[in-house]
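Chain by chain, the residues:
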Amino acid sequence: MKRIIFLVFAIAMACNSQAQNKHELVKLWQTDSVVPIPESVLINFKNKVLYVSEIGLGDGSAFDKNGAVGKVSMDGKIVDLNWVTGLHSPKGLAMRGNELYAADITELVVIDIKKANIIKKYPVPEPGMLNDVTVSDKGVIYFSDSKTKKIYQIIDQKLSVYMENIAGVNGLKAIGNELYILGGKRFFKVDTNKKETDIAQLSQNRDGIEPIGNGDFLITSWGGYVFYVSKDGKVETLLDTHEPMINAADLAYDATKKILYIPSFYSKMVTAYQLK
């Protein structure tokens, strides 16, 4: 009898949890499993294309020049998986004007989008593993080093440490005068004085972060989760693919069409979802 009561209670709780979700994801398309370890996706709205950082089929921390940045169309067709080659293990991507930035293990790589070639590199002293990148409206570049727990910044081509001792630092997003940060399971922001304000505590470790446009955010967890985080700190689980072992790495989001693009890392594909 106790077992039956427990099962009824568990089912009721699960149904109640689903009913509380205000949002959901509907799959639109998925590429074939041909993208060599995709880690990050970035939208170029002007050129109507997705850039995808590709770690390649070797060791993700090896200096093997096996990495690249590829291009995928907005409807999921492979355009060019070798658009820019010669990188090692590129992860986070960001863009401003004609420049594309890629975090590549120990250096930030700058790519000329029109010429499709590398034009500059910013090596980091005593690096660990560079991860995500974001650019502010004023052109300040921020990027994270997950192993050394640091966030770097580049202002007027000068590299410096912006913040230190952020456990598990990964996803970054510069919005206005604030920098939003994912550190471990913690989601918080800092202002221009580096004053920290907590937003939410997640159930899983972090990866990518994208604003919805209304103060809310979409956050991915590499293990295979997508979360909707409201500005008041409420967290909804929109996607859970950890059991089939489909990862959810650094996403991109089109706030106008409400479409998010998720690279699946080891599954070697990119998937598009409509946010409802």
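This structure is a prediction, so every number in the text was calculated from the model and none was measured.

About the criteria used
Residues numbered from 1 in each chain as written. Predicted model: local features only at pLDDT ≥ 70, side-chain atom pairs only at ≥ 80, totals over all residues. Heavy atoms only, no water. Phe/Tyr/Trp six-rings, centres within 6.5 Å; stacked < 30°, edge-to-face > 60°. Helix = DSSP H or I, 4+ residues; strand = E, 2+ residues; numbered from the N terminus. Buried < 20%, exposed > 50% of the residue type's maximum accessible area, 1.4 Å probe, protein only. Lys NZ or Arg CZ within 6 Å of the ring centre and 35° of its normal. Salt bridge = Lys/Arg side-chain N within 4 Å of Asp/Glu carboxyl O. Pairing = 2+ DSSP bridges. Axes fitted to C-alpha atoms, helices over the stretch in contact; angles between N-to-C directions. Contact = heavy atoms within 4.5 Å. Polar contact = N/O pair within 3.5 Å; in protein donor to acceptor, adjacent residues only side chain to side chain.

Here's the deal with the packing of aromatic side chains
Working step 1: By the definition in use, this model includes 11 aromatic pairs.
Working step 2: Aromatic pair Trp222 and Tyr266: ring centres 5.8 Å apart, planes at 80°, arrangement edge-to-face. Of the two residues, Trp222 sits in the loop between β19 (217-221) and β20 (225-229) while Tyr266 sits in the loop between β23 (259-263) and β24 (270-275), which places them 44 residues apart along the sequence.
Working step 3: According to the relative accessible area criterion, Trp222 is partly exposed, its value standing at 32%.
Working step 4: Positioned over the ring face of Tyr162 is Lys194, at 4.7 Å from the centre of the ring.

Some words on the pattern of salt bridges
Working step 1: Tallied over the full model, the rule gives 6 salt bridges.
Working step 2: Ionic pairing is found between Lys77 and Asp75, a salt bridge with its closest N-O pair at 3.0 Å.
Working step 3: Here Glu210 makes a salt bridge to Lys173, at a shortest N to O gap of 3.2 Å. Residue Glu210 is located in strand β18 (residues 209-211), and its partner Lys173 is located in strand β14 (residues 169-175); the two are separated by 37 residues in the primary sequence.
Working step 4: Taken together, the shared-partner salt bridges connect Arg186, Glu196 and Asp198 into one network.

Observations concerning the sheet that holds β18
Working step 1: Read from one edge of the open sheet, 4 strands run β18-β19-β20-β21, paired in antiparallel fashion. Two strands in the sheet have a free side with no partner beyond their single neighbour: β18 and β21 (235-240). Geometrically, the sheet is characterised by an average inter-axis angle of 20° between neighbouring strands, direction not taken into account.
Working step 2: Note that β18 and β19 share 3 bridges and pair antiparallel. Paired with Ile209 across the two strands is Ile219, which belongs to β19.

Points about the pairing of β20
Working step 1: With 5 of its 5 residues buried, β20 lies for the most part within the structure.
Working step 2: Burial along β20 is two-sided: the residues Tyr225, Phe227 and Val229 and Val226 and Tyr228 are all buried.
Working step 3: Where β19 and β20 come together, 5 bridges link them in antiparallel fashion. Looking at β20, one finds that Thr220 is bridged to Val226.
Working step 4: In textbook terms, the turn of a hairpin is the stretch between consecutive antiparallel strands, and for β19 and β20 this stretch comprises 3 residues, one of which, Gly224, has a positive phi near 130°.
Working step 5: One ladder, built from 5 bridges, connects β20 with β21; its direction is antiparallel. Note on β21: the bridge partner recorded for Val226 is Leu239.
Working step 6: Hairpin remark: β20 followed by β21, antiparallel, with 5 residues in the connecting loop; positive phi at Gly233, about 95°.

Side note on the environment of Leu93
Working step 1: You can see Leu93 is positioned in strand β6 (residues 90-96).
Working step 2: Residue classification places Leu93 among the buried residues on the basis of a relative accessible area of 5%.
Working step 3: Here the alpha-carbon distance between Leu93 and Val41, two residues 52 residues apart in the chain, equals 7.1 Å.
Working step 4: In contact with Leu93, other than residues within four places in its own chain, are Ser40, Leu42, Tyr51, Val52, Ser53, Val69, Tyr101, Ala102, Asp132 and Val133.

As for the side chain of His88
Working step 1: Residue placement: His88 occurs in the loop between β5 (78-87) and β6.
Working step 2: Residue His88 is classed as buried on the basis of its relative accessible area, which comes to 12%.
Working step 3: One polar contact links the side chain of His88 to the main-chain amide nitrogen of Asp64, over a distance of 3.2 Å.
Working step 4: Beyond its immediate chain neighbours, meaning those up to four positions away, His88 contacts Ile55, Ala62, Phe63, Asp64, Lys65, Asn66, Gly67, Asp104 and Ile105.

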